[in-house]
Amino acid sequence: MTPEGQDLLLRGGDALGLDLTPHLPAFAELLRLLLEGSARTNLTALKEEPDIVLKHFVDSLTCLQGGYLHGVQRVVDLGTGAGFPALPLAIVQPDLQLVPVDSTRKKIEFVSATAAALGLNNVNPVVGRAEELGQDPQHRQRYDRVVVRAVAALPILAELALPLLREHGLLVAQKGPISSEELNAGRRASGEVGGKVQVVDPFTLPILGDARTLIVIEKLKPTPAKYPRRPGVPNQQPLF
Ligand code: SAM
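Residues numbered from 1 in each chain as written. Predicted model: local features only at pLDDT ≥ 70, side-chain atom pairs only at ≥ 80, totals over all residues. Heavy atoms only, no water.

Student: Sorry, what's going on with the overall build of the chain here?
Tutor: Scanning the chain from terminus to terminus reveals nine helices and seven strands. Considered along the principal axes of its C-alpha atoms, the chain spans approximately 50 × 35 × 30 Å. In the chain, buried positions account for 55% of the 240 residues. For the chain, the proportion of contacts with a sequence separation of at least 24, taken over those separated by at least 6, is 70%. Counting only carbon and sulfur atoms, one obtains 50% of the accessible surface of the chain, whose full area is about 10,100 Å². Separation of charge centres in the chain, based on 25 positive and 26 negative side chains, amounts to 8 Å. (Helix = DSSP H or I, 4+ residues; strand = E, 2+ residues; numbered from the N terminus. Buried < 20%, exposed > 50% of the residue type's maximum accessible area, 1.4 Å probe, protein only. Contact = heavy atoms within 4.5 Å. Areas by Shrake-Rupley, 256 points an atom, 1.4 Å probe, with all protein chains shown as cover. Lys, Arg positive; Asp, Glu negative; His and termini not counted. Charge placed at Lys NZ, Arg CZ, Asp CG, Glu CD.)

Structure below.
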C-alpha cells in the first residue's frame, strides 16, 4: 500500500475511533490480494487504491459504529462478495467468529484463500444461498448477528437474515440513503419474520462524506417456518 493509501486508512479509522496502525500490514496484504484477484476475475468494481481503502475497508468498518458487534461471537456476513464487510471486521476484531456467505463459489474461494493468507482463523466462509441456509438446521437460529452491505432492499434483507438469528440477535444492515417507502416496507417485513427495526442511524462515510444509513433490526420472536421462502422468491416477490 502506498503512503497515501496508509494515510487514508489511518484517517478513516481515526474518524471511527479506531487505531488501525497495528493492522496496516494486514490491510496492505488484503489490498494486494484484492488487486491481484480482480485482475484475474471479476471480484469488485473498485480497482483504484484510494477507492478500495475508503469504499471497501473504511466503509466496512463503519459496521462497528454503535457497538452492535461488541461482546458477541457468531456473525454471518450475508452476500459477502469479495469479503466485505467480513474481512476488515475479522482483521480489526479477532474475537468475532465470522461466517461470510455468498451464493457465488468463486467469490467464496477468494475469501477463503485470502483469510488463510492473512492468517485469519476467525473466518469460516460458506457457499450458499441465504434462502437455503435459513432453512438448514445447521444455520437457522444459530447466529448472534447478521451483517450485510449492498445486497438487497430492506424487506428482502429481513426475510433472508432474520431466520439465521437467535432470539434477540441483531441484523446490522449498512446501506446508502434509504427512502421512507423502503424503510416502511422493511418495518412491516421485519414484523412478519419476527423482528423489529430498532435503529435507523444516518451517517457519512469518513473523508468522502457519502451518505450512509446503519439499520439495526432485532429478532424478538421465532421466524415462522415458511420463511425464508424458496431461492429467488424473496427478491421476486418481496414481502411488502
Ligand atoms: N457485501 C459485498 C460488498 O459490500 O462489497 C458484496 C455486495 S454484492 C453487490 C452482493 C453479493 O450478494 C453478491 O456477491 C451476490 O452473489 C450475493 N447475494 C445476493 N443474494 C444472495 C443470496 N440470496 N444468498 C447469498 N448471497 C447472495
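Structure shown, so let's carry the discussion forward.
Student: I'm lost on the nonpolar core in this one. Help?
Tutor: Across soluble globular proteins, nonpolar side chains have a tendency to be buried as a group. Residues Phe27, Phe57 and Leu61 are the most contacted members of the largest nonpolar core, which totals 46 residues. Listing elements by their share of this core, those giving two or more residues are α1 (3–15), α2 (24–40), α3 (49–61), α4 (86–92), α5 (105–117), β5 (165–175) and β7 (211–219). For phenylalanine 27, the contacting residues outside a window of four places in its chain are Met1, Leu9, Leu20, Phe57, Leu61, Pro88, Ile91 and Val92. Counting residues in hydrophobic clusters, the runner-up holds 31 residues, among them Val76, Val126, Ala130 and Val146. (Core = buried A, V, L, I, M, F, W, Y, C linked by side-chain atoms within 4.5 Å.)

Student: Hey, could you run me through the pairing of β5 in this one?
Tutor: Remark: a regular strand shows side chains that alternate across the two faces of the sheet. Most of β5 is tucked away: eight of the eleven residues are buried. Here strand β4 (residues 143–149) pairs with β5 via six bridges, running parallel. The residue bridging valine 146 from the neighbouring strand is leucine 171, located in β5. The β-α-β motif built from β4, the intervening helix α7 (residues 154–161) and the parallel element β5 has right-handed crossover chirality. Inspection of the sheet shows β5 paired to β7 by six bridges, in the antiparallel sense. Each residue of the ladder has a partner; that of leucine 171, found in β7, is isoleucine 217. (Pairing = 2+ DSSP bridges. Right-handed = clockwise from strand over helix to strand, strands pointing away.)

Student: Is there a simple way to explain α7 in this structure?
Tutor: Counting buried residues along α7, eight of its eight residues qualify, which places the element largely inside the surrounding structure. What α7 keeps buried is the set Leu154, Pro155, Ile156, Leu157, Ala158, Glu159, Leu160 and Ala161.

Student: Help me out: how do you make sense of the packing of α2 against α5 in this one?
Tutor: Helix packing geometry: the angle between the two helix axes and the distance between the axes. Two elements in contact, α2 and α5, have axes separated by 10 Å at closest approach and are oriented at 150°. Here α2 is positioned roughly antiparallel relative to α5, judged by the angle of their axes. Handedness of the crossing formed by α2 with α5: right-handed. Across the interface between the two elements, Leu30, Leu33, Leu34 and Gly37 of α2 pack against Phe110, Thr114 and Ala117 of α5. Taken together, the residues of the contact of α2 with α5 break down into five nonpolar, two polar and no charged. (Axes fitted to C-alpha atoms, helices over the stretch in contact; angles between N-to-C directions. Parallel < 35°, antiparallel > 145°, perpendicular 65-115°, else oblique. Left-handed = near helix turned anticlockwise from the far one by under 90°. Nonpolar A, V, L, I, M, F, W, Y, C, P; charged D, E, K, R; others polar.)

Student: What exactly am I supposed to notice about the site of the ligand here?
Tutor: If you check the shell around the ligand, you find 16 residues, and the closest are Gly79, Phe84, Asp102, Ala130 and Arg149. Side-chain polar atom of aspartate 102 to an oxygen atom of the ligand: 2.6 Å apart, as the coordinates give it. Serine 103 places a main-chain nitrogen or oxygen 3.3 Å from a nitrogen atom of the ligand. Starting from 600 Å² of accessible surface for the ligand in isolation, the protein chains cover 77%. For the shell around the ligand, a count of residues per class yields four nonpolar, seven polar and five charged. (Near = heavy atom within 4 Å. Polar contact = N/O pair within 3.5 Å; in protein donor to acceptor, adjacent residues only side chain to side chain.)

Student: Explain the pattern of salt bridges to me, please; I cannot follow it from the model alone.
Tutor: Where charged atoms from two side chains of opposite charge come close, those side chains can pair. This model, assessed by the stated rule, comprises eleven salt bridges. The partner of arginine 11 in a salt bridge is aspartate 7, and the shortest N-O contact between them spans 3.3 Å. Here aspartate 7 and arginine 11 lie together in helix α1, a separation of four residues that amounts to about one turn. Take aspartate 7: its relative accessible area is 39%, and that puts it in the partly exposed class. Among the ionic pairs, arginine 32 bridges to glutamate 36, the shortest N-O distance being 3.1 Å. Remark: glutamate 36 and arginine 32 occur in helix α2; sequence separation between them is four residues, near one turn of the helix. Relative accessible area serves as the criterion here: at 41%, arginine 32 is assigned to the partly exposed category. Among the charged side chains, a salt-bridge network with shared partners connects Glu29, Arg32, Glu36 and Arg40. (Salt bridge = Lys/Arg side-chain N within 4 Å of Asp/Glu carboxyl O.)

Student: How should the sheet that holds strand β3 (residues 126–127) be read in this particular structure?
Tutor: By definition, the strands of a sheet pair up through backbone hydrogen bonds, in either a parallel or an antiparallel sense. The sheet built from seven strands is open, its strands ordered β3-β2-β1-β4-β5-β7-β6 with mixed pairing. The sheet is open, and its two borders are formed by β3 and β6 (195–204), each paired with just one other strand. Taken strand by strand, α3 contacts β4, β5 and β7, and its axis lies near 150° from that of β4. Across the sheet, helix α8 (residues 180–192) touches β5, β6 and β7, and the angle it forms with β6 is around 150°.

Student: Any chance you could explain the pairing of β6 here in plain terms?
Tutor: Both β6 and β7 contribute to a ladder of nine bridges, which runs antiparallel. Looking at β7, one finds that glycine 195 is bridged to lysine 219.

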